[in-house]
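Notes for the structure review
This is what each chain is made of:
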Amino acid sequence: MKSKVIRDRFLKFFKDKNHSIIQSSNLIPVDDPTVLLTTAGVQQIMPFFSGLKEPPSKRLVSCQKCFRTTDIDNVGLTPKHLTFFEMLGNFSVGDYFKKKAIYWAWEFLTEELKIDSNKLWVTVFEGDEEISADDEAIAMWKEVGVSPDKIYKFGKADNFWGPPGEKGPCGPCSEIHFDRGEQYGCQKDKCGPNCEQCDRFIEVWNLVFTQYNFNGKKYDLLPQKNIDTGMGLERLIAIMQNVESVFDTDLYNEIIKEIERLSNKKFGISSDLDRSFRITADHLKGATFLISDGVFPSNEGRGYVLRRIIRRAITNGKSLGIYDEFITSVSDVVINTMKTIYPELKKNREYILDILETEEKKFSNTLKQGIGILEDNIKHLKKEKKSVIPGEVAFKLYDTYGFPIDLTKDIAKKHNLNIDLKAFSTYLEQQKQRARSVRGFLIETKKL
Ligand SMILES: [Zn+2]
């Protein structure tokens, strides 16, 4: 089943249940300067939930463009993490609640898409001293046919949403996980949904039941309860197409093929190279969409996120052996793959490619400067018969010249040198703490 069919089927399934289809909003959040980028479908629904705006209908469904900066470092390491992704979601603004949300999610996966129900596990909120366990959800999952041993309970960190600030609406959530099979498991007794040791279980769909208002002291039941759900389209497609990772789906096939052509290397042979393939593919897809939605490369905020992923894509391209300028040809494939769903890409094509070309030229010059500095340092170290590159040097290259530590490691290795990684990590941690104090970043890392 092609990605286009799966996306369409989701929208149609809920349209047939009287939901209005709403278009994806921009990756730059509209009317909300406190949030860096759009990270979930619910963002544009929030004003309807809070009563600030009148919804076109009490039942809504969307496929939303999302970008999560919090996952930049996870991309490439796992089969499921992406920065840019599409999120499918259905919403109820004070209309239906938990029962319909659970029944319809189950019906869509097991009847509409015919996913084997034995492979689906669910998680529910276990309750704490202030809020009771979500026994309603447990009973409903049993009613649709989930066996009790496949219902896992978790605390607030995993199965409770909100409030977005100190006070406000919040509630338990319930997730559906897909079991890829024991062969992907860590074989430990505790292995199950949310296992941190392996990638056997993939979180597919999160159903949020906004039923409480937290007034700063206690949780009261809301008179108007809302439903907000989110399902990663790419993960769902990987399951439907029965492939190893999101990068093996038809959404990425052409992009990966282009990187194979440029690098003259094959995807799926070595885990080191695959990591660079995945990062290059993900980041250039993300960059293409960010530029199209109006983000411009710079040294702060959204512009910095964009610059960072473009630079990571370029250096990972170098790790694959692509030494010429290449990012516009990958971006062009992204535009061609996605333009029927997102026509703005076609409209903005020239502009997107222009920005990428300029940014790549600029970065090539910076890289040359950085390599010069590193080589001077190496000469100096060799003269003094030292074998360790100071962490300060590696960090300066990382911070000022956009050198990923892996690139510095590669060069060091060629000269039989090591890097003081401990000192490097200390500098990095200090920088992260500085970044955390930036409000925009802080808010964006909250779970939406
Ligand atoms: Zn496990």
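Residues numbered from 1 in each chain as written. Predicted model: local features only at pLDDT ≥ 70, side-chain atom pairs only at ≥ 80, totals over all residues.

Take the overall build of the chain next. Helices and strands together make up the secondary structure of the chain, namely 16 helices and eleven strands. For the chain, the C-alpha radius of gyration of 23 Å lies close to 22 Å, the compact-globule estimate for 448 residues. The principal-axis extents of the C-alpha atoms in the chain amount to approximately 75 × 50 × 45 Å. In the chain, buried positions account for 41% of the 448 residues. (Helix = DSSP H or I, 4+ residues; strand = E, 2+ residues; numbered from the N terminus. Rg over C-alpha atoms; globule rule 2.2 N^0.38 Å. Buried ≥ 20, exposed ≤ 12 C-beta atoms within 10 Å, placed from the backbone.)

Turning next to helix H9 (residues 301–319). Helix length check: H9, at 19 residues, gives a terminal C-alpha distance of 27 Å against a target of 27 Å (1.5 Å per residue), a fit within 8%. Inspection of H9 places Arg302, Val305, Leu306, Arg307, Ile309, Ile310, Arg311, Arg312, Ala313, Ile314, Asn316 and Gly317 among the buried residues, and these make up the whole buried set. Those residues of H9 that are buried lie in contact with helix H8 (271–292), helix H10 (327–338) and helix H12 (349–383). Immediately beyond the C-terminal end of H9, within one or two residues, lies Gly321, with a positive phi of roughly 95°. (Expected span 1.5 Å × (residues − 1). Contact = placed C-beta atoms within 7 Å.)

One finds Ala105 and Ala287 to be the most contacted residues of the largest nonpolar core, which totals 98 residues. Inspection of this core shows a minimum of three residues originating in each of domain 1 (3–240) and domain 2 (252–444). When sequence neighbours within four positions are dropped, the list of residues in contact with Ala287 reads Leu306, Ile309, Ile310, Ala313 and Leu356. The next biggest cluster of nonpolar side chains, apart from the first, holds twelve residues, and it includes Leu374, Ile389, Val393 and Leu407. (Core = buried A, V, L, I, M, F, W, Y, C linked by C-beta atoms within 7 Å. Domains from an automatic or database assignment.)

Taken residue by residue, the chain gives an average pLDDT of 92. The fraction at 70 or more is 97%. Here residues 439–448 scores under 50 on pLDDT; set against residues more than four positions off or in separate chains, the count is 20 contacts. (pLDDT = per-residue confidence, 0-100.)

Turning our attention to the domain arrangement of the chain. Domain annotation of the chain identifies domain 1 (3–240) and domain 2 (252–444). Between domain 1 and domain 2, the residue contacts involve 18 residues of the former and 20 residues of the latter. Partitioning the side of domain 1 that touches domain 2 into residue classes produces eleven nonpolar, six polar and one charged. (Nonpolar A, V, L, I, M, F, W, Y, C, P; charged D, E, K, R; others polar.)

Put simply, Gly162 and Pro163 share a cis peptide bond, and its omega is -5°. Of note, Pro163 is situated in the loop between strand E6 (160–161) and strand E7 (168–179). Located in the positive-phi region is Asn18, a residue other than glycine, with phi close to 65°. Given 12 C-beta atoms within a 10 Å radius, Asn18 is considered exposed. The backbone phi angle of Asn242 is positive, close to 55°, even though this residue is not glycine. Mapping Asn242 onto the fold places it in the loop between helix H6 (233–240) and helix H7 (253–263).

Glancing now at the pairing of strand E5 (residues 151–154). In terms of strand pairing, strand E4 (residues 120–125) meets E5 through four bridges, oriented parallel. In the strand pairing of E5, Thr123 is matched with Tyr152. What joins E4 to E5 is helix H4 (residues 135–144), and the crossover it makes is right-handed. (Pairing = 2+ DSSP bridges. Right-handed = clockwise from strand over helix to strand, strands pointing away.)

Next up on the list: the packing of helix H3 (residues 98–112) against H4. Following both chains from N to C, one finds H3 and H4 inclined at 35°, their axes separated by 10 Å at the closest point. Taken as a pair, H3 and H4 cross one another with a handedness that is right-handed. Along the contact surface, H3 presents Lys98, Lys99, Ile102, Tyr103 and Trp106, while H4 presents Glu136, Ala137, Met140, Trp141 and Val144. Residue classes in the contact of H3 with H4 are distributed as seven nonpolar, no polar and three charged. (Axes fitted to C-alpha atoms, helices over the stretch in contact; angles between N-to-C directions. Left-handed = near helix turned anticlockwise from the far one by under 90°.)

Next up on the list: H4. Of all the residues in H4, the buried ones are Ala137, Met140 and Trp141. One side of H4 holds all its buried residues, which, seen down the axis, span an arc of 100°. More than 90 degrees from the buried face of H4, the exposed residues found are Asp135, Ala139 and Glu143. Along its buried surface, H4 packs onto H3, E4, E5 and E7. Gly145 lies just past H4 and shows a positive phi near 120°. (Arc of directions from axis to C-beta.)

Before going further, it helps to spend a moment on the packing of H7 against H8. The axes of two packed helices give the description: the angle between them and the distance between them. Contact geometry of H7 with H8 gives a least axis separation of 10 Å together with a crossing angle of 120°. As summarised for this structure, H7 and H8 are arranged oblique, according to the angle between their axes. Crossing of H7 over H8 shows right-handed handedness. Facing Ile255, Ile256 and Ile259 of H7, the residues of H8 in contact are Phe277, Thr280, Ala281 and Lys285. Residue classes in the contact of H7 with H8 are distributed as five nonpolar, one polar and one charged. (Parallel < 35°, antiparallel > 145°, perpendicular 65-115°, else oblique.)

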